[in-house]
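Below, each chain spelled out in residue letters.
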Amino acid sequence: RMLDEARYWISKLAKRLVPEALYIKGQWHFERHQIVKAMRYFEKAAKNGWMPAYIDLAEHADRQGDWHKAIAYYRSADGYADATYVSITYYEWQG
């Protein structure tokens with residue numbers, strides 16, 4: 001019952017473009033291996049200011065071999081601790 005209520009409120013908040021709710025919905029889809037839907041929610045969450053979503057987008061782009069896109073996502077999340085560390089690592093590796 002509590003899970004149903006949580007899903008209800010997360011969905012309602014996601015419709016209002018609350019970044020945290022969008023991110024959670026993205027995680028739910030990712031766990032169900034619905035990658036395209038997950039990335040759409042992560043993109044919406046990132047565009048609405050949720051920095052951890054940029055990290056997930058960057059990691060996905062990296063897994064797909066799209067390092068330019070990955071770096072762009074990490075740059076977008078600049079200032080977020082994980083993104084700063086990974087961006088520095090990429091810059092050092094790229095030389």
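Residues numbered from 1 in each chain as written. Predicted model: local features only at pLDDT ≥ 70, side-chain atom pairs only at ≥ 80, totals over all residues. Heavy atoms only, no water.

Draft legend 1. View of the overall build of the chain. Scanning the chain from terminus to terminus reveals six helices and zero strands. Of the regular secondary structure in the chain, the N- to C-terminal order runs α-α-α-α-α-α. Look at the contacts in the chain between residues 6 or more apart in sequence, and 26% of them connect residues 24 or more apart. When the accessible surface of the chain is split by element, carbon and sulfur atoms take 55% of a total near 6,600 Å². (Helix = DSSP H or I, 4+ residues; strand = E, 2+ residues; numbered from the N terminus. Contact = heavy atoms within 4.5 Å. Areas by Shrake-Rupley, 256 points an atom, 1.4 Å probe, with all protein chains shown as cover.)

Draft legend 2. Local environment of the nonpolar core. Ranked by internal contacts, the top residues of the largest apolar core, which has 21 residues, are F42, A53, L57 and Y73. Looking at this core, the elements with two or more residues in it are α1 (2-15), α2 (19-31), α3 (35-47), α4 (51-63) and α5 (67-76). Non-local contacts of A53, meaning those with residues more than four positions away in its chain, are made with Y23, F42, A45 and A46. (Core = buried A, V, L, I, M, F, W, Y, C linked by side-chain atoms within 4.5 Å. Buried < 20%, exposed > 50% of the residue type's maximum accessible area, 1.4 Å probe, protein only.)

Draft legend 3. Representation of the side chain of D56 in the model. Along the chain, the position of D56 falls in helix α4. Not counting residues within four places of it along the chain, the set of residues in contact with D56 comprises Y23 and F42.

Draft legend 4. Examining the pattern of salt bridges more closely. Inspection of every chain in the model, using the stated rule, returns one salt bridge. A salt bridge links R7 to D4; the nearest nitrogen and oxygen atoms lie 3.5 Å apart. Residue R7 and its partner D4 are both found in helix α1; the two are separated by three residues, about one turn of the helix. According to the relative accessible area criterion, D4 is exposed, its value standing at 53%. (Salt bridge = Lys/Arg side-chain N within 4 Å of Asp/Glu carboxyl O.)

Draft legend 5. Region of the structure containing α1. Given a rise of 1.5 Å per residue, 14 residues ought to cover 20 Å, and the 20 Å separating the end C-alpha atoms of α1 matches this to within 8%. Downstream of α1 by one or two residues, L17 has phi in the positive range, about 65 degrees. (Expected span 1.5 Å × (residues − 1).)

Draft legend 6. Spotlight on a nonpolar patch on the surface. A contiguous nonpolar patch, built from Y8, W9 and L13 and spanning about 310 Å² of accessible area, is present on the exposed surface. Locating W9 in the fold gives a position in helix α1. Under the relative-accessibility criterion, W9 is labelled partly exposed at 42%. (Patch = residues over 30% accessible without salt bridge, like charges linked within 9 Å, V, L, I, M, F, W, Y side chains within 5 Å.)

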